[in-house]
Amino acid sequence: MTTDPNPKKSNGENSEQATQKAPLKDSKKKKDEKKDEDLSDEDLALKQQLELCVERAQDVEPGVQKLALESMRQEIRTSTSSMTSVPKPLKFLRPHYGTLKTYFETMEDSELKKYLADILSVLALTMSVEGERESLKYRLLGSEGDIGLWGHEYVRNLAGEISQEYAEKQDSEDLQMDELMELVQQIVAFHMKVSKLFGSFVFVNHLQHNAEPEAVDLLMEVEDLDLLVEHVDATNYRRTCHYLTSSASYLSGPDDLLVLDIAYGIYLKFKEYPSALRIALSLNKLKYVKQMFTSCEDIQLKKQFCYILARHGVDFKLDDDMVADDDDDREACQDIINNLKLTEGYLNLAHDIEVMEPKSPEDIYKVHLIDGRASAGANVDSARQNLAATFVNAFVNAGFGQDKLMTVPSDSSSGGSTGSWLFKNKEHGKASAAASLGMILSWDVDNGLAQLDKYFHSSDNHVIAGALLGVGIVNCSVNHDCDPALALLSDYINSEDSTVRIGAIMGLGLAYAGTQNDQIQQKLIPILWDTKAPLDVIAFAAISLGLVFVGSCNENDVAQSIILALMERTEAELDEPLTRLLPLGLGLLYLGKQEKVEATAEVSKTFHEKIKKYCNMTLLSCAYAGTGNVLKVQHFLGKCSQHLEKGETHQGPAVLGIAMVAMSEELGLDMSIRSLEHLLQYGEQNIRRAVPLALGLLCISNPKVNVMDTLSRLSHDTDSEVAMAATISLGLIGAGTNNARIAGMLRNLSSYYYKEASLLFCVRIAQGLVHMGKGLLTLAPHHSERFLLSPTALAGLVVMLHTCLDMKSLILGKYHYVLYYLSLAMKPRMLMTVDENQKPLSVPVRVGQAVDVVGQAGRPKTITGFQTHLTPVLLAAGDRAELATFKYIPLSPILEGFVILRENPDYQEDN
């Protein structure tokens, strides 16, 4: 006891001074007594028992010590606790933590010391100072018993301390990791097997605590993901792989590829072939794709692989090892990969939804719904308006094989025959009109070529050019055994008329996009070297080579040829908008290939001042497209913040680069939209002209309300180029959705701009895009629930958007047919279920908004707000489908595109 310094005052007087000097220990004692009074009899008995144990743990007699330590271990292990409160034994032992630590240091090495180390390791869970990592320290000094017996929260805390310790050792280059890695092994085993280990009431809340994500996180921290493969089993591999593939979006290279590789290995181990195939495509490893075909024995599964490859746009040839050449199976599989079944499935969908009736441009414009002043301008039969109607007609009736302008019989009394509509267009307008027939007959190669044939006998070079482009569009996404496009177009590549040459070159680019066909290379590279060739022919040759060799990093031949063509351009030519297509052709070679572009990017710094910055931005934006690389987005934003000298144009591709990099991942996408809003407010005029196009790419075929409102506001901008870009982008975000709100906005715009031909032309194009394929098509390059990005589809979109950066010179000039590059991205947004004979099979499916269930416990619902339909069905952006019957088993876990169904052998009707 402390002595009172002032006994007189403390006995009689109640002064302030006495109160201040009141002994602290007495008040503390009273508090402790009060706390003890608050405890129940049971808790008080536990507290006293633990205090006795602490006292006896320091006894000189080893037997007494052992009993005390055993008693403490037992109390801690059997304490029932929730995640929101500290277990009572830990709470009561808190004041004695320091005492036990001090005593531990004085003990000699023995089993008892290890027992005490175990207890201190658990007590450190709530008592150690942050950063000290005492829980881990005492665990390593303790006995090597089952780590899971101390409970889930302890294991989680230990995992966190291990990752900190590992990082510190890496920094100090201390490579003694054996003890740590042993602990990691135990923790991963606990997380992955926890549901089987325990039956005691202590862990009843955690029997199925689904801790696979925690195991993955720990292994990522200690850079030993390979360990995962031996710990997954049939009950948890799906959840584990789902978490791995989702987290890959947020990892920097090369970790993202490593994570996908591990997921691929796990899927292969459990014979989940369709999911493994999607990862192989994401990694762009065709040897993995071959491995799929050779590992799998089931021919129906192989056909499902073929449907996935066809949707992704992979040029893939099957051999004897992959599919045995029996019973025409190989031919059937190759036909599926070549997309020869696409037109049949698409028309089945159209028949089912009853939209086969052709639509005319007037059905889309709906002039009768607009107030008076626009209807006066609507009837003017100008060449510009006829050209707009040509595109609208092509987009709306794409793939249906019939329309009211181009496929009407020649003897039609309506006067709307093919010939008469063709010649309602002037000069280069005829090229687009003839090519529109190719889009109407998309994917139907035999019928399309037969109908285009008549134009090859025309005396008008523009019509021939359009027919050549039409051949390319018909063959787009379809690989025909006979290679009709190459046979037809080769003869015209060196024609004397530049329009005809461009038609043939564009046609080859569209027909063979992504095939890396050497014959195309041999035919187009000489054009780049030809000093007498016109600039537009060279520009389109570069784009076609970029499309054919998209993402191939073909440096020796194609890249070098385009670089030489760029270096040979005169100063006057470098000012031409068409010259900017050459860097784009170069960029497409590195689409999504990240650092592989660096050597070429260095070379681009040696180009002429007028083009080098533009080229550098274009190369980087293409190379990092779809990667979500935050550093590159920051780099592009930095370029957008600079004030430019007159004549510099590189900020346009930088703005598009932000959208291209961030488009694959939902979080980055939303953040990019916010950044683009800031650029609108503070950016210079040339940046404001590119922002609507970037927004269009971010939300392509996905009309988000906030983006829709922004574009609607910009479509009335005082700068006509901003207004035109915003109008086209309204069409892009609503492409193929029939979105009523966007359709209404565009009708109002057609009324607002009825006197301005250029803006009205853009409004019409946007109207055609919104009603593309009568609402059955999408331009979104992503598929498989946004996991895969089709390089050819993205390439088509990027080419079209780059030409929109200078709309007045290109799309509103004589190169409006660049809009047909969109055919590379046009795909049906359907779910078509077929039986094992590839015949359509109608089954009930639930279609609703997809819910992200990564890392969630139990079996959460993957869709919300669903409706049940019979297949075939349409899938909007963000929709997911699941089978609503147990009668069939789908051969693909993701229900999109063509899905083969197999009868469930265990199904009983009365179920």
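Within an unreviewed UniProt entry, the label attached to the protein chain reads 26S proteasome non-ATPase regulatory subunit 2 homolog, and the organism entered is Papaver somniferum. For the record of the protein chain, the UniProt heading Function (unreviewed entry) holds the text "Acts as a regulatory subunit of the 26 proteasome which is involved in the ATP-dependent degradation of ubiquitinated proteins." Turning to the protein chain, the UniProt annotation filed under Sequence similarities (unreviewed entry) states: "Belongs to the proteasome subunit S2 family."

**Describing a negative patch on the surface**
Residues E144, D178, E179 and E182 make up a contiguous surface patch of negative charge. Looking at the element boundaries, E182 is found in helix α11 (residues 178-197).

**Observations regarding helix α36 (residues 609-623)**
In this model, α36 (15 residues) spans 22 Å end to end at C-alpha, consistent with the 21 Å of a helix rising 1.5 Å per residue. α36 sits mainly inside the fold: eleven of its 15 residues count as buried.

**Side note on the sheet that holds strand β8 (residues 873-874)**
Taken in spatial order, the four strands of this open sheet run β8-β5-β11-β10, and their pairing is mixed. Of all strands in the sheet, those with a lone pairing partner are β8 and β10 (888-890), marking the two edges. Summarising the sheet, β10 and strand β11 (residues 897-903) pair through three bridges and their orientation is antiparallel. In the sheet register, Y888 faces β11, and the bridge partner there is E903. Sheet strands touched by helix α18 (residues 299-312): β5 (830-834) and β11. Its angle to β11, the strand with the most contacts, is close to 165 degrees.

**So, the state of the cysteines**
One pass over the full model with this rule turns up zero disulfides. This cysteine, C306, is not joined by any disulfide, and C333 carries the nearest cysteine sulfur, 4.1 Å off.

**Focus on the sheet that holds strand β7 (residues 863-870)**
A sheet is described by the order of its strands in space; here three strands give the open sequence β7-β6-β9, paired in antiparallel fashion. The sheet is open, and its two borders are formed by β7 and β9 (879-883), each paired with just one other strand. For this sheet the average axis-to-axis angle between neighbouring strands, irrespective of direction, equals 30 degrees.

**Some points on unusual backbone geometry**
Cis geometry is adopted by the peptide bond preceding P872, which originates at T871 and carries an omega value of 0 degrees. Its place among the elements puts P872 in the loop between β7 and β8. Phi at E223 is positive, roughly 55 degrees, even though this residue is not glycine. Along the chain, E223 falls in the loop between α12 (212-221) and α13 (227-231). The backbone of W443 shows a phi angle near 70 degrees, a positive value even though the residue is not glycine. Looking at the secondary structure, you find W443 in the loop between α25 (428-440) and α26 (445-452). Given a relative accessible area of 5%, W443 falls into the buried group.

**Structural notes on the packing of aromatic side chains**
Considering all chains together, one arrives at 17 aromatic pairs under this definition. Plain terms: the ring middles of Y273 and F305 are 6.4 Å apart, the flat faces sit at 80 degrees to each other, and that makes the pair edge-to-face. Of this pair, Y273 sits in helix α16 (residues 273-283) while F305 is found in helix α18, placing the two residues 32 residues apart along the sequence. Residue class for Y273 comes out buried when judged on its relative accessible area of 8%. F305 gets classed as buried once you look at its relative accessible area, which sits at 0%. A connected cluster of aromatic rings, assembled from ring pairs, spans Y273, F293, F305 and F316. Between R846 and the ring centre of F866, over which it is positioned, the NZ or CZ distance is 5.7 Å.

Parameters at a glance
- Sequence order as written defines the numbering, with residues in each chain counted from 1.
- Reporting in this predicted model follows two pLDDT cut-offs: at least 70 for local features of residues, and 80 or more for side-chain atom pairs to be given and counted; totals over whole chains, interfaces and linings ignore these cut-offs and use all residues.
- Computation of side-chain values covers all heavy atoms of the structure but excludes hydrogens and water.
- UniProt positions are given in the numbering used here, feature names are shortened, and annotations may be inferred rather than shown by experiment.
- Patches draw on residues past 30% relative accessible area with no salt bridge. Two like charges within 9 Å are joined, as are two nonpolar side chains (Val, Leu, Ile, Met, Phe, Trp, Tyr) within 5 Å.
- Per-residue and other accessible areas follow the Shrake-Rupley method at a 1.4 Å probe size, with only the shown protein chains counted as cover for residues.
- The term salt bridge refers to a pairing of a side-chain nitrogen on Lys or Arg with a carboxyl oxygen on Asp or Glu at a separation within 4 Å.
- A positive count includes Lys and Arg, and a negative count includes Asp and Glu. His and the chain ends are not counted in either.
- One atom stands in for each charge, and that atom is NZ of Lys, CZ of Arg, CG of Asp or CD of Glu.
- The helix count covers DSSP runs of H or I at least four residues long, the strand count covers runs of E at least two residues long, and both are numbered beginning at the N terminus.
- What a helix should span is 1.5 Å times the count of its residues minus one.
- Here's how the labels work: a residue is buried when its accessible area is under 20% of the maximum for its type, exposed when over 50%, partly exposed in between, all with a 1.4 Å probe on protein chains only.
- When DSSP finds at least two bridges between two strands, those strands are taken to pair.
- Contact definition: two residues touch when any of their heavy atoms are within 4.5 Å.
- Orientation is described by lines fitted to C-alpha atoms, with helices fitted over the stretch in contact, and by angles between N-to-C directions that extend from 0 to 180 degrees.
- Working definition: a disulfide is two cysteine sulfur atoms within 2.5 Å of each other.
- A pair of aromatic rings is counted whenever rings of Phe, Tyr or Trp (Trp by its six-membered ring) have centres within 6.5 Å, and the orientation is called stacked for planes under 30 degrees apart, edge-to-face for over 60 and tilted otherwise.
- By the criterion adopted, a ring carries a charge over it if an Arg CZ or a Lys NZ lies within 6 Å of its centre and within 35 degrees of its normal.

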